[in-house]
Amino acid sequence: MISPTFRILEVNLSSGRSAIRSMPGVETCLGGSGLAARLHLDLAKPHLAWDDPAQPLIFAIGPLTGFFPLMSKSVCAFTSPLHSQYAESHAGGRSALALRFTGLDALIVTGRSERPVVLHLGCNVIELLDAGYLWGKDALTTGKLLRSILKGSGHRTIIRIGPAGENKSAMACINVDTYRHFGRLGGGAVMGAKNLKAIAIEGNGSQDLPAGKDYSALYADIFRKLTDTDMMRKYHNLGTASNLEALNELKALPWRNLQATSDPGITGISGQRFADDTLLRNAACSGCPVGCIHIGFVREKFHADNQYLYRQVGYDYEPIFATGSMLGLTKAPEVLTVMDEVEKVGLDVMSAGVALAWATEALEHGLVSVEQTGVGLRFGEVEGYLKAMPMLAGGVNEFWRLLAAGTMAAARHYGGQDFACVLGQEMAGYATGEVFYVAQSLGLRHSHLDTGAYSYDQSNAPKDVTKALEFLLEDERERVVLTSMVACLFARKVYDPDTLRQCLTVLGGREIADGLDKAGSRIQNLRWQARIANGYDPFQVKIPKRFLEVSTWKGQTDPQYLENLRLAYAKAIKEMSGQGN
Amino acid sequence: MKQLVASRMERCIGCHSCSLACARLVHKCLSWENAGIRIQSSGGLSTGFLAKVCLTCDPPPCAAACPTGSLKARKGGGVVQQKKLCIQCGKCAAACPVEAIALDRLGNPYVCIHCGSCVDFCPHDCLEMREVEA
């Protein structure tokens, strides 16, 4: 049932004390994205550094979390080490249901522990456990050790960082239950800065349900749409990896640091190839019957006497783009091996792959030397990339420390800004055209998920700035409502506005349902206020020259259309934040 | 007489839809814990999943341990439950050899009653209702 107030746990790692408080505003903030932005505006300190102990690390779920299928994600919000501004990142796994079943709408972590710790939570436990012995351990080993140390029911989430987070890399991710991640914008570094190696949450409580049969009937109806129709087939069949072949065909798949957009090597890394040769099985986030998590399998002979080891690696479109086509790797097992290394060191795979692609081209151009990098990098050769990932995560010398602060930070120092594939942060895998380049560059999360701009490009819409801007703003508003619930965006066609209103109403949230459209617009503005409160100026965002050189099925990028849309979107963002004109 | 059998757990993706269905439809709550069937990873998500569910012992040790008759042997194996007789002593859960009985924070036991409500919510047909001789 939906409460009119949020229940929020604040844990201060400096003092070791906690507090649970109620906060009004469910009808205006909803939860998830809206709640996270509200809390960040209230608690973050814009005048302090991103890693100041006072800065909050926020995890939030929404009013429908767990109550309906695919309401299965959590929002993590923080001040980003990449740009020292508001950042949001989303993940699934068990994180959302674990929070739901501890009875919390949000968890806020402030302060900094003197020693590395694990925060252990449940309905009747809040404790900080010494984790000195886990510091330096990779993200996968950390998960395994904590599973045996904390005797839980199996209904828990283990959120942890690897060495990249400990080293405060701006591209450090937070690993969630091995195969999911709060990937982008450096959340792992925020945990590292707080000396917080992991958060383990036991969801050992339960929630009341409404009386009568309406709720169960609505649940069953939505469940059937998700499982008995073809609406979600793409996601559990080949998964997002099916996009590789499609985008390569369109000449929109970035290859070798976006020096090309199509390559015959696609046959080695297509979704079908991964399924045929490596797919071990599927898995799901808790509360999602779709099961889009694809776990690939690769074995390696490590001794002449037929001694093998095996790796199980979660794959998706974006990781394959970032560690496959972007690095010129065209053999699925090699790509999985690089992904596994990324997973262990706790880097955001998209940022890491794109960063190494830039480093490879910088080496080709002689902007940096092998003496500086400590390892040779060549497109298509896996060995260098396997060696480079721990160096990037560890910041082992000046070059790797600069690159860990972001590809553009390194490019500003060494040169090569023109070919740094950075759209706010390292690009997502869509060389689809002007609308996507603008949307990721300026978008709140600098992500392909803020809007469906990559789809808009593929719709071959005419180059009309007004129409493109309308699409960006409306699509963002609709997605903000979903990410406030917090739905998996794969379910966006199932959870249309009417369905969302039915879900809220059946759980006793009639007033919230009636005001959903207004809340969406308000939250859209609130998030931009949170971002701009930390100094974001969308007019200052530049789109590197490499994106103007891209040629897709539509031909070369139109620089005037790109620039006009960039300025129009920047203006709209300022207006949404209340700082227009 | 039909029994719930988790016969194809190698197909399980760990979505917990079965547990959520049991809690929702049988026990009228939102939970992945307060349910007659519960899903656990068998040592981390990388190694697949197990169902913690009644294996229809006959005679059932949980019923033997129950001091009030709240749990009684069911024809064909397993138990029937009369919740109003339960004193939350937890003896049933302790007696179950496969941890198929969950206790909530108040000590109330949750055990599969073989009603089959969960079966339709498994997206991969891991579960089935199988006819047995009573």
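Here is what the cut-offs are and how they apply
- Residues numbered from 1 in each chain as written.
- Chains lettered and ligands numbered in written order.
- Predicted model: local features only at pLDDT ≥ 70, side-chain atom pairs only at ≥ 80, totals over all residues.
- Helix = DSSP H or I, 4+ residues; strand = E, 2+ residues; numbered from the N terminus.
- Rg over C-alpha atoms; globule rule 2.2 N^0.38 Å.
- Buried ≥ 20, exposed ≤ 12 C-beta atoms within 10 Å, placed from the backbone.
- Contact = placed C-beta atoms within 7 Å.
- Pairing = 2+ DSSP bridges.
- Domains from an automatic or database assignment.
- Nonpolar A, V, L, I, M, F, W, Y, C, P; charged D, E, K, R; others polar.
- Axes fitted to C-alpha atoms, helices over the stretch in contact; angles between N-to-C directions.
- Arc of directions from axis to C-beta.

Enquirer: Before we go on, may I ask you to explain the overall build of chain B in this structure?
Expert: When you go through chain B residue by residue, the secondary structure sums to three helices and nine strands. Listed by position from the N terminus, the elements making up chain B come as β-α-β-β-β-α-β-β-α-β-β-β. For 134 residues, the compact-globule estimate of 2.2 N^0.38 gives 14 Å, and chain B sits close to it at 14 Å. Summarising its shape, the C-alpha atoms of chain B cover approximately 40 × 35 × 25 Å along the three principal directions. Burial analysis of chain B (134 residues in total) assigns 44% to the buried set. For chain B, the share of sequence-separated contacts (at least 6 apart) that also reach a separation of at least 24 residues comes to 55%.

Enquirer: Could you clarify how one ought to interpret the interface of chain A and chain B in this entry?
Expert: When the parts of a complex come together, some accessible area is lost, and that lost area is often taken as the interface size. Facing the 35 residues of chain A at the interface are 25 residues of chain B. Taken together, the elements giving at least two residues each to the side of chain A that touches chain B come down to α4 (139-149), β13 (207-208), α7 (214-227) and β14 (279-283) of chain A. It is α7(A) that provides the largest number of residues to the side of chain A that touches chain B, a total of four residues. Bridge analysis of β13(A) against strand β2 (residues 29-30) of chain B gives two bridges, and the strand direction is antiparallel.

Enquirer: How should the domain arrangement of chain A be read in this particular structure?
Expert: Residues and elements named next belong to chain A. According to the domain assignment, chain A consists of domain 1 (5-202), domain 2 (229-421) and domain 3 (426-576). Each of domain 1 and domain 2 has a C-alpha centre, and the two are 26 Å apart. Residue-level contacts link 30 residues of domain 1 with 27 residues of domain 2. The set of elements that each furnish at least two residues to the side of domain 1 that touches domain 2 consists of α4 and α5 (163-166). The dominant element in the side of domain 1 that touches domain 2, judged by the number of residues it contributes, is α5, at three residues. For the side of domain 1 that touches domain 2, the residue count by class is 15 nonpolar, 11 polar and four charged.

Enquirer: Any chance you could explain the sheet that holds strand β5 (residues 86-91) of chain A here in plain terms?
Expert: Hydrogen bonding along the main chain pairs the strands of a sheet, whether they run parallel or antiparallel. Residue and element names in this part refer to chain A. Strand order across the open sheet formed by six strands is β2-β1-β6-β3-β4-β5, with mixed pairing between neighbours. At either end of the open sheet lies a strand with only one pairing partner, and these are β2 (18-24) and β5. Averaged over all neighbouring strand pairs, the angle between strand axes comes to 20°, with direction disregarded. As defined by bridge partners, strand β1 (residues 5-12) adjoins β2 across seven bridges and the pair is classed as antiparallel. Bridging across to β2, Arg7 finds its partner in Ser22.

Enquirer: Would you mind showing me how to read α4(A) here?
Expert: Residues that lie three or four places apart on an α-helix share one face, since the helix turns once every 3.6 residues. All names here are of chain A. Buried within α4 we find Ala139, Leu140, Thr142, Gly143 and Leu146. End-on, the buried residues of α4 take up no more than an arc of 160°, which puts them together on one face. The inward-facing, buried residues of α4 abut β7 (117-122), β9 (156-160), β10 (174-176), β12 (196-202) and α12 (332-345).

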